[in-house]
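This is what each chain is made of:
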Amino acid sequence: MVLKKDTTTPTISASNEYSPLRALIIGRAAHSLFPSEPPHMIRATMPIFHHPEFRPHHPFPADIVAKADRELDNFARVMTERFSIKVYRPREVDWATANEGRGGYTGAMPRDGLMVVGRTVVEACFGWGCRRGEIELAYNGVLEDIMEGARKAGESVRVCRAPKIVGGDTLYDGLLDEDEHEHTSKEHKPEDQDDDAKQNGIPSQIDGKQHETKWWAINNTRPAFDCADFMRFGTVLIGQLSHVTNPKGVDYLRAVLPSPYTVELLHTTDDHAMHIDATILPLRHGTLIYCPSRVTEEELRRHEVFKDWDLRPLPWNPEEEEEEEEEDEDPPRYMCSKWLVLNAMSVDEKTIVVEERQERFARWLEEEFGMEVVRLPFRHVNSLGGSFHCATVDLVRGWP
């Protein structure tokens, strides 16, 4: 007796960044605001020239937001029509009224807040206060659709929502500028909290290997992590500590992941670290491009998952060697460096999506790796803080 192979696409199932993509979420840019976080966080993570933009209730320029939404709509259309990928979109949110009037950020970057690991969806424990409630406001409907679809199909899936913060958030305690110390809440400090937990100098004891102390813009008083600080390589997630991800956040993620998934931390040398997906780019199984000024080949090889991989440093520094197409700084990259070039998205192991003006990078991928490169406009989305990887959550990869 020959059993017919089940080719029904599941609601969620993804364990890497490059198997054939079947379903994904693509964000929306409408009503995006500049993130409003304390000055020390902005100094730690944002390009210095644009620091004055990061103030409460300050919207991105309307023309940039409108063009970013058109770019996202076009991206969704290409994924649907050319590649027959199922696309989910979030609801439109007025971010000026989010977080009980404090204001939010954007719905354009779902990768920061959601990650699929196997048959589990994990929501980030955001460090930024302006992002609290972002997933609930914009993506709750998508998550409900996923759960309803799984229920109807008889699938066993899990959505792991972030825990709610009750009372004052302690993540910045002891770290604010001198003129802000008087506003720092002390009444919410847990009785069993070690004073050392309030220091942002966190010794980098990464997977049993001691590194130098890193100084971050958050402390370790509660779990904090962005999903974009982690990438999936089969049952191993490679991640990093950063200005938005702390050791307790990593411990939390390890605790909620389904078996047999594990987390290993990469030691990076980026003083402005926030999200690993502009530091490493897996093209396909066995091939990875990396930023040599942020991580070394030796450090990558320390992880068993990369033992036999072809690890390639990008052979030029996009910060120093201008592409002819990239010389025009309009619109501004308010939140990103030019290493955003690595924030591309693989459709499968032979196809990748890159920003249309990154022609040097596109040609290199074609000539060096034989990739089919899909060039799409995305510069206005870039202006809001990310590229194709940031603007998506891959829900299903690698299903027949």
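Rules of the game
- Residues numbered from 1 in each chain as written.
- Predicted model: local features only at pLDDT ≥ 70, side-chain atom pairs only at ≥ 80, totals over all residues.
- Heavy atoms only, no water.
- Salt bridge = Lys/Arg side-chain N within 4 Å of Asp/Glu carboxyl O.
- Helix = DSSP H or I, 4+ residues; strand = E, 2+ residues; numbered from the N terminus.
- Buried < 20%, exposed > 50% of the residue type's maximum accessible area, 1.4 Å probe, protein only.
- Expected span 1.5 Å × (residues − 1).
- Bend = angle between axes of the 7 residues up to and from the residue.
- Contact = heavy atoms within 4.5 Å.
- Pairing = 2+ DSSP bridges.
- Axes fitted to C-alpha atoms, helices over the stretch in contact; angles between N-to-C directions.
- Polar contact = N/O pair within 3.5 Å; in protein donor to acceptor, adjacent residues only side chain to side chain.
- Phe/Tyr/Trp six-rings, centres within 6.5 Å; stacked < 30°, edge-to-face > 60°.

Asks: How do you make sense of the pattern of salt bridges when you look at a structure like this?
Replies: Pairs may arise between side chains of opposite charge once their charged atoms sit close together. All chains considered together, the criterion is met by 25 salt bridges. For Asp 394, the salt bridge is made with Arg 232, and the minimal N-O distance between the two is 2.7 Å. A residue pair is termed long-range when its members are at least 10 positions apart, and Asp 394 in strand β17 (residues 392-397) and Arg 232 in strand β8 (residues 230-233) qualify at 162 residues. Both residues of the pair, Asp 394 and Arg 232, belong to the buried class. Within the structure, one salt-bridge network assembled from shared partners comprises Glu 17, Arg 111, Arg 232, Asp 394 and Arg 397.

Asks: Would you take a moment to explain helix α3 (residues 134-153) for this structure?
Replies: Residue pairs three or four apart in sequence face the same way in an α-helix, which turns once every 3.6 residues. The terminal C-alpha atoms of α3 lie 28 Å apart, and with 20 residues this matches the ideal 28 Å at 1.5 Å per residue to within 8%. Along α3, the largest kink reaches about 60° and is centred on Asn 140. Buried residues along α3 sit against β1 (21-26), β2 (86-88), β3 (114-117), β4 (120-123), β5 (158-160) and β17. One or two steps after α3, the chain reaches Gly 154, where phi turns positive at roughly 70°.

Asks: I keep staring at the sheet that holds strand β11 (residues 280-284) and nothing clicks. Help me out?
Replies: Within a sheet, each strand pairs with its neighbour through backbone hydrogen bonds, oriented either parallel or antiparallel. Across the sheet, three strands lie side by side as β11-β12-β13; this open sheet has mixed pairing. Only two strands of the sheet have a single neighbouring strand rather than two, namely β11 and β13 (310-313). Across the sheet, the mean angle separating the axes of adjacent strands is 25° when strand polarity is ignored.

Asks: Where do I start with the environment of Tyr 334 in this structure?
Replies: Turning to its location among the elements, Tyr 334 is positioned in the loop between β13 and β14 (345-348). We classify Tyr 334 as buried; its relative accessible area is 7%. For the pair formed by Tyr 334 and Phe 34, sequence separation is 300 residues and the distance between their alpha carbons is 8.9 Å. In contact with Tyr 334, other than residues within four places in its own chain, are Phe 34, Met 46, Pro 47, His 50, Glu 53, Phe 54, Phe 60, Pro 61, Ile 64 and Ser 383.

Asks: What is the right way to read the side chain of Asn 343 from this model?
Replies: Tracing the sequence through the fold places Asn 343 in the loop between β13 and β14. Its relative accessible area of 1% is what places Asn 343 among the buried residues. Of note is the side chain of Asn 343, whose polar atom sits 3.0 Å from the backbone nitrogen of Cys 390.

Asks: Which parts of the structure should I look at to understand the sheet that holds β1?
Replies: Pairing is mixed across the open sheet formed by three strands, whose spatial order is β2-β1-β17. For this open sheet the edge positions go to β2 and β17, each flanked by a neighbour on one side alone. Shown here is a sheet whose adjacent strand axes are inclined to one another by a mean of 20°, direction ignored. Of the pairings in the sheet, the one linking β1 to β2 comprises three bridges and is parallel in character. Looking across to β2, one finds that Ala 23 is bridged to Lys 86. Its contacts with the sheet place helix α2 (residues 62-81) against β1, β2 and β17, and it is angled at close to 165° to β1.

Asks: Would you take a moment to explain the packing of aromatic side chains for this structure?
Replies: Centre-to-centre distance and the angle between the planes together describe a pair of aromatic rings. Summed over the entire model, instances satisfying the criterion amount to 16 aromatic pairs. Arranged with centres 4.9 Å apart and planes meeting at 85°, the rings of Phe 233 and Phe 306 form a pair that is edge-to-face. Of this pair, Phe 233 sits in strand β8 while Phe 306 sits in the loop between α5 (297-301) and β13, placing them 73 residues apart in sequence. You'll find Phe 233 and Phe 306 in the same group, each marked buried. Put simply, the rings of Tyr 18, Phe 233, Phe 306 and Trp 309 touch in pairs and so form one group of aromatic residues.

Keep in mind these numbers describe shape, not what the thing actually does.
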